[in-house]
Amino acid sequence: MTSPGILRPPFALIATDLDGTLLRSDGTVGARTRAALAGAAARGARHVVATGRSVAWTRHVLDDLGYTGLAVCGQGGQVYDAAAHRQLASVTLDRRLARLAVDRIEAEVGPLLLAADRDGLDGRVVAAPGYRPDPADGLPVVHARHADEVWAEPVRKFYAQCAGLGEDELAAAAREAAGHLVGITTAGPGEVEILPAGLSKATGLSFAARRLGLRGLDTVAFGDMPNDAPMLEWAGYGVAMADAHPTLKAVADEVAPGHDEEGVAAVLERLFGLAGPS
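Figured I'd write up the structure that's included with this text. (Residues numbered from 1 in each chain as written. Predicted model: local features only at pLDDT ≥ 70, side-chain atom pairs only at ≥ 80, totals over all residues. Heavy atoms only, no water.)

1. Quick notes on the sheet that holds strand S6 (residues 113-118)
Note on sheets: strands pair through backbone hydrogen bonds, and any given pair is parallel or antiparallel.
Then, in step 1: Strand order in the open sheet formed by six strands is S8-S7-S6-S9-S11-S10, and the pairing between neighbours is mixed. One side of each edge strand has no neighbouring strand; the edge strands of this open sheet are strand S8 (142-143) and strand S10 (183-185).
Then, in step 2: Relative to S8, strand S7 (residues 125-127) is paired through two bridges, and the arrangement is parallel. Bridging across to S8, Val126 finds its partner in Val142.
Then, in step 3: Of the strands in this sheet, strand S9 (155-161), S10 and strand S11 (192-195) are in contact with helix H5 (residues 167-178), which crosses S10 at around 165 degrees. (Pairing = 2+ DSSP bridges. Helix = DSSP H or I, 4+ residues; strand = E, 2+ residues; numbered from the N terminus. Contact = heavy atoms within 4.5 Å. Axes fitted to C-alpha atoms, helices over the stretch in contact; angles between N-to-C directions.)

Dropping the structure here:
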């Protein structure tokens, strides 16, 4: 039973993507968003970060937030307990299937430029020659001397680029050529991600929610890219950011202000009856 004077939260779980959603363009979480998350937590809600980034690429954001809960990383391939600094679940990509998938995609579109997101709590992203990291990310990438190095160790997923193709065109071609072998999703400009078949943020988030005794119906989820669609569809209420990909807006229940306008905060303030900016 809810204690007198304590509001029962409309949603017990808040799931947020990072890039383009919780984080502003400068890579920071704004004061208004921090206050909204704290206010929702005071009303009993739990916050779960759900990002395409690996744990190694996410930990500094969690540390900055003072985050001690569960985080879904690597497109659902890692569930991480931030307080204990340990993985609760980890899914890797079958490299034999991935090689076959890459061969079939390349037969349709030409050579792919790959980067491997390696397995492990501190797994690195290793880029083959020619792969171009997004300089706006500012995230660490190890540049290999030879293309075969990306296949040398267990991986969670591959990032793939193809000269002359945008992410939507490349994703469509990749699904047509190899969608029966691997998962294909888009999370950023100019590339696709090659994942274990069936893996998504929704699978990782479902695992995390069960650990907390919660369900999709208990969840409000926020995102901006097609890789967030399974999560928004799983959640009881899905929110796309104003500058989200059109395919995500199509499955969302609401479109919030953009990430630089702290749209996550605006929605949480309304849902949880929190005071907004003065």
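2. Things to note about helix H2 (residues 31-42)
Then, in step 1: A rise of 1.5 Å per residue sets the reference length of H2, with its twelve residues, at 16 Å; its end C-alpha atoms lie 16 Å apart and thus fit the reference within 8%.
Then, in step 2: Regarding H2, the residues found buried are Thr33, Ala36, Leu37, Gly39 and Ala40. Angularly, the buried residues of H2 cover 160 degrees about the axis, an arc narrow enough to put them on a single face. Facing away from the buried side of H2, by more than 90 degrees, are the exposed residues Ala31 and Ala42.
Then, in step 3: On the buried face of H2, the contacting elements are strand S1 (13-16), helix H1 (18-22), strand S2 (46-50) and helix H9 (263-272).
Then, in step 4: Once H2 ends, the next one or two residues include Gly44, with phi positive near 100 degrees. (Expected span 1.5 Å × (residues − 1). Buried < 20%, exposed > 50% of the residue type's maximum accessible area, 1.4 Å probe, protein only. Arc of directions from axis to C-beta.)

3. Some words on the packing of H2 against H9
Then, in step 1: Where H2 meets H9, the axes come as close as 9 Å, and the angle between the chain directions of the two elements is 30 degrees. Between H2 and H9, the angle falls in the class roughly parallel. H9 is crossed by H2, and the crossing has left-handed handedness. Contacts from Arg32, Thr33, Ala36, Leu37 and Ala40 of H2 reach H9 at Ala265, Ala266, Leu268, Glu269 and Phe272.
Then, in step 2: Among the residues forming the contact of H2 with H9, the class breakdown is seven nonpolar, one polar and two charged. (Parallel < 35°, antiparallel > 145°, perpendicular 65-115°, else oblique. Left-handed = near helix turned anticlockwise from the far one by under 90°. Nonpolar A, V, L, I, M, F, W, Y, C, P; charged D, E, K, R; others polar.)

4. Remarks on the sheet that holds strand S4 (residues 78-81)
Then, in step 1: With mixed pairing, the eight strands of this open sheet are ordered in space as S5-S4-S3-S2-S1-S12-S13-S14. Across the chains shown, the open sheet's two edge strands, defined by having one partner strand only, are strand S5 (86-90) and strand S14 (254-256). The sheet shows a mean angle of 25 degrees between the axes of neighbouring strands, taken without regard to direction.

5. Some thoughts on the pattern of salt bridges
Then, in step 1: Scanning all chains against the criterion turns up 13 salt bridges.
Then, in step 2: For Arg24, the salt bridge goes to Glu262, with nearest N and O atoms at 4.0 Å. Highlighted residues: Arg24 in the loop between H1 and H2 and Glu262 in the loop between S14 and H9, separated in sequence by 238 residues.
Then, in step 3: Exposure remark for Glu262: the relative accessible area of 11% places this residue in the buried category.
Then, in step 4: One connected set of salt bridges, linked through shared partners, spans Asp17, Lys201 and Asp228. (Salt bridge = Lys/Arg side-chain N within 4 Å of Asp/Glu carboxyl O.)

6. Comments concerning the nonpolar core
Then, in step 1: Membership of the largest hydrophobic core comes to 52 residues, with the highest contact counts inside it found for Ile14, Phe222 and Leu268.
Then, in step 2: Examining the composition of this core, we find that five residues originate from one element, H9, more than from any other.
Then, in step 3: Residues in contact with Leu268, not counting those within four places in the same chain, are Ile14, Ala36, Leu37, Phe222, Gly273 and Leu274.
Then, in step 4: Formed by 26 residues, the second largest nonpolar core is a distinct cluster that contains Ile105, Val155, Cys162 and Ala177. (Core = buried A, V, L, I, M, F, W, Y, C linked by side-chain atoms within 4.5 Å.)

7. Focus on the packing of aromatic side chains
Then, in step 1: The final tally for this structure, using the stated rule, is three aromatic pairs.
Then, in step 2: Centre to centre, the rings of Trp151 and Phe158 are 4.6 Å apart; their planes meet at 45 degrees, and the pair counts as tilted.
Then, in step 3: Here Phe158 falls in the buried class, since its relative accessible area comes to 0%.
Then, in step 4: If you follow Arg99 out to its NZ or CZ, it ends over the ring of Trp151, 4.3 Å from the centre. (Phe/Tyr/Trp six-rings, centres within 6.5 Å; stacked < 30°, edge-to-face > 60°. Lys NZ or Arg CZ within 6 Å of the ring centre and 35° of its normal.)

8. Structural notes on the side chain of Thr21
Then, in step 1: Inspection of the secondary structure assignment puts Thr21 in helix H1.
Then, in step 2: Residue Thr21 is classed as buried on the basis of its relative accessible area of 1%.
Then, in step 3: Side-chain polar atoms of Thr21 contact the side chain of Asp224, separated by 3.3 Å.
Then, in step 4: Leaving out residues up to four positions away in the same chain, Thr21 has contacts with Phe222, Gly223, Asp224, Met241, His259 and Val264. (Polar contact = N/O pair within 3.5 Å; in protein donor to acceptor, adjacent residues only side chain to side chain.)

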